[in-house]
Amino acid sequence: MMTRRVSNWLLFLRLKAVLAALFLLPALAAQVAQSPPTATVVKAGRLLDPRTGNVLSPAAVLIEGDKIKQVGLPSQINALAGVTVIDLGSATLLPGLIDGHTHLFLNIIVPNEVEQDRHANGLFAPGMLLAIVESPSKRVLMAAQLAREDLESGITTVRNLGHSGIDGDTELRDAINAGHLPGPRILASGRKLITLGMYVQNLNPALADVIVQQEFLLIAGVDRAREAVRQNEFQNVDVIKVSADENLTVPELASAIEEAHRQHLKVAVHAVDKTSIQTAIDAGADSIEHGNDVTDEQLKQMRDKGIFFDLTPTFYGGGYLKIAEPIIVIPPANRAATAKSAERGKQKYDALVQRVLKSGVKFSTGSDMCWFYPGKTRGQASTLTFVHLGEAGMGALDVIQAVTINGAEMLGWGDRIGAVEPGKFADLVAVSGDPLTDITELERVRFVMKGGEVVRNDLVAH
Ligand SMILES: [Zn+2]
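Computed from a prediction, not measured in an experiment: that's the story for all the values here. (Residues numbered from 1 in each chain as written. Predicted model: local features only at pLDDT ≥ 70, side-chain atom pairs only at ≥ 80, totals over all residues. Heavy atoms only, no water.)

### Quick notes on the coordination of the zinc ion
Line of reasoning, step 1. Distances from the zinc ion to its protein donors, His101 (NE2), His103 (NE2) and Asp368 (OD), fall at 2.1 to 2.2 Å.
Line of reasoning, step 2. Site description for the zinc ion: donor spacing in sequence, H-x1-H-x264-D. Both residues of the pair, His101 and His103, count as buried. (Donors = N, O, S within 2.8 Å, 3.2 Å for Na, K, Ca; no water. Buried < 20%, exposed > 50% of the residue type's maximum accessible area, 1.4 Å probe, protein only.)

Right, here's the structure in full:
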């Protein structure tokens, strides 16, 4: 009896489910069919196409859902009645900005002199060590704030290249994509691949392994290199980051790159000195990060192989002093020395920018922002570094290309971001002036839209 009653009950439940499916599903389907994706028209005095440098004036962009549907003169746009219109007046529209190299999970306070000595003595910046050994929960909450600040300054996509703990950047990416938090699109690298010689020389040997594993994957031999990439693939990363130094061999790096490419992941290689840059070129890196000591011959090789040069003018023209001054007291003697070395660095960087432009190598840029910058949000500090490229002698259109179409191509996302074109994500920013005559406009983004949603609009009420 009991059994019979239970089975009847189950039958009833099943029947109920079938009935629900029969009646509810068509109703739901009808609802979906009745509500087309939300449509918005953004109008502005000017729209700059970074691909060509052409300016459309006046301009309108029709957005459906999270994509751009049509771009043209306002009279050419086929918007249905009732569409939301955002009129930005005389402002200039641009594609959302792309930061090709950042560190959302680091907010290091510039080390004072004692810490700098320790750094020189052991190659491990205490500020970075603190970030690793502090609570990962605390770290991810900070990263969420910095991500929001980037977006509010018009950076709608970032490539986060390491220093996120084991899974910080992939989890933050997923939370933003799921709509839990505001932030840019994130291409996450997971842990940075390094050789044992980097970063880790003065750690307590009894604890070193545990600490290192929180932040890095070690390369020691071609098999370990391949395995390190696979560990990151397990975390569902978007890109692989390797730091090259003199200890890294071409076969080790080539092995990591081969494994990454097998999984359609690009490989960004940190390389500053000539030897590391050559290793990255010979192993077939997709982008070389920083690249400060590159030779003209190496630029030629990069151009021929299609390797991107990712410029990082983070501390251009004494930026370090600007960050350090409000935090620490710099003795007058050191101040003079620091100013002098900043001037030398500036001249060298000006020459680098000219050599990069002349070489015909593909280039983009990244803030490499990992510092606490007094008085600025993370977004303001990051866009300032884009402006540094202009100060270093790069033309305004080249700078804008670096942070839009070029950045998109370097990330392998040329089909979805970097331009205001039909089919691309509706990631737009607007500035009130003309960025072609004043590149510092990039520091004052007044309107931000990501995926069709307005993040910020200081231009007009709508
Ligand atoms: Zn970096």
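So much for the structure itself; the text now carries on.
### What about the pattern of salt bridges?
Line of reasoning, step 1. Considering all chains together, one arrives at 24 salt bridges under this definition.
Line of reasoning, step 2. One salt bridge connects Glu421 with Arg51, and the closest N-O pair in it is separated by 3.0 Å. Placement of the pair is Glu421 in the loop between helix H15 (405–411) and strand S18 (428–431) and Arg51 in the loop between strand S2 (46–48) and strand S3 (55–56), with a sequence separation of 370 residues.
Line of reasoning, step 3. Looking at Arg51, the relative accessible area reads 44%, which means it is partly exposed.
Line of reasoning, step 4. Among the salt bridges present, the one from Lys346 reaches Asp350, with a minimum N-O distance of 3.5 Å. Taken together, the residues span about one helical turn, with Lys346 and Asp350 both in helix H12 (residues 332–359) at a distance of 4 residues. (Salt bridge = Lys/Arg side-chain N within 4 Å of Asp/Glu carboxyl O. Helix = DSSP H or I, 4+ residues; strand = E, 2+ residues; numbered from the N terminus.)

### Quick notes on the sheet that holds strand S10 (residues 185–188)
Line of reasoning, step 1. Pairing within the open sheet is parallel, and its 3 strands lie in the order S8-S9-S10. Both edges of this open sheet fall to strand S8 (97–102) and S10, since each of them pairs with a single strand only. Strand-to-strand, the axes of this sheet are offset by a mean angle of 15°, without reference to chain direction.
Line of reasoning, step 2. Taken together, the 4 bridges between S8 and strand S9 (residues 155–160) define a ladder with parallel strand orientation. Paired with Asp99 across the two strands is Val158, which belongs to S9. (Pairing = 2+ DSSP bridges. Axes fitted to C-alpha atoms, helices over the stretch in contact; angles between N-to-C directions.)

### Quick notes on the pairing of S18
Line of reasoning, step 1. Where burial is concerned, the two faces of S18 agree: the one with Leu428 and Ala430 and the one with Val429 and Val431 are both buried.
Line of reasoning, step 2. Pairing geometry for strand S7 (residues 92–95) and S18, over 4 bridges, is antiparallel. Within the sheet, the bridge partner assigned to Leu94 lies in S18 and is Val429.
Line of reasoning, step 3. Summarising the sheet, S18 and strand S19 (residues 447–450) pair through 3 bridges and their orientation is antiparallel. Considered in S19, the bridge of Val429 is made with Val448.

### Observations concerning unusual backbone geometry
Line of reasoning, step 1. Residue Pro58 is bonded to the preceding Ser57 through a cis peptide linkage, with omega at -10°.
Line of reasoning, step 2. With respect to the helices and strands, the residue Pro58 is situated in the loop between S3 and strand S4 (59–64).
Line of reasoning, step 3. Backbone geometry places His163, a non-glycine residue, at a positive phi of 65°.
Line of reasoning, step 4. Structurally, the position occupied by His163 is in the loop between S9 and helix H5 (168–177).

### A look at the sheet that holds strand S1 (residues 39–44)
Line of reasoning, step 1. Spatially, 4 strands are ordered S5-S4-S1-S6 in an open sheet, and the strand pairing comes out mixed. With partners counted over all chains shown, the strands left at the sheet margins are strand S5 (67–72) and strand S6 (84–87), one partner each. With direction set aside, neighbouring strand axes in the sheet form an average angle of 20°.
Line of reasoning, step 2. In terms of strand pairing, S1 meets S6 through 4 bridges, oriented parallel.

### Things to note about helix H10 (residues 296–305)
Line of reasoning, step 1. Residues Gln298, Leu299 and Met302 constitute the buried set of H10. An end-on view of H10 places all buried positions within 105° of arc, on one side of the element.
Line of reasoning, step 2. Lining the buried residues of H10 we find helix H9 (274–283), strand S15 (287–290), strand S16 (308–311) and H12.
Line of reasoning, step 3. Backbone geometry just downstream of H10 places Gly306 in the positive-phi region, at approximately 75°. (Arc of directions from axis to C-beta. Contact = heavy atoms within 4.5 Å.)

### Concerning the side chain of Thr170
Line of reasoning, step 1. Within the fold, Thr170 resides in helix H5.
Line of reasoning, step 2. Among residues more than four places away in sequence, those in contact with Thr170 are Ala188, Gln235, Asn236 and Val237.

### Regarding the confidence of the model for the protein
Line of reasoning, step 1. Residue-level pLDDT values for the protein average 89, and 86% of them are 70 or greater.
Line of reasoning, step 2. For the stretch residues 23–28, pLDDT sits under 50, and the model shows 2 contacts to residues farther than four places along the chain or on other chains. (pLDDT = per-residue confidence, 0-100.)

### A short note on the environment of Trp371
Line of reasoning, step 1. Its location among the elements puts Trp371 in the loop between strand S17 (363–365) and helix H13 (378–391).
Line of reasoning, step 2. Take Trp371: its relative accessible area is 17%, and that puts it in the buried class.
Line of reasoning, step 3. Sequence spacing of Trp371 and Ile109 is 262 residues, and the spatial spacing of their C-alpha atoms is 6.1 Å.

### Quick notes on the environment of His388
Line of reasoning, step 1. Its location among the elements puts His388 in helix H13.
Line of reasoning, step 2. A sequence separation of 51 residues divides His388 from Ile439, and the C-alpha atoms of the two residues are 9.4 Å apart.
Line of reasoning, step 3. If we skip the residues at most four places from it in the chain, His388 touches Pro313, Thr314 and Tyr316.

### Focus: the packing of aromatic side chains
Line of reasoning, step 1. Counted according to the given criterion, the structure contains 2 aromatic pairs.
Line of reasoning, step 2. Ring plane angle 65° and centroid distance 6.2 Å describe the contact between Tyr316 and Tyr349, whose orientation is recorded as edge-to-face. One end of the pair, Tyr316, is in the loop between S16 and helix H11 (319–324); the other, Tyr349, is in helix H12, with 33 residues separating them in the sequence.
Line of reasoning, step 3. Between Arg185 and the ring centre of Phe425, over which it is positioned, the NZ or CZ distance is 3.7 Å.
Line of reasoning, step 4. The residue whose ring lies beneath Lys376 is Tyr373, and the NZ or CZ to ring-centre distance is 5.7 Å. (Phe/Tyr/Trp six-rings, centres within 6.5 Å; stacked < 30°, edge-to-face > 60°. Lys NZ or Arg CZ within 6 Å of the ring centre and 35° of its normal.)

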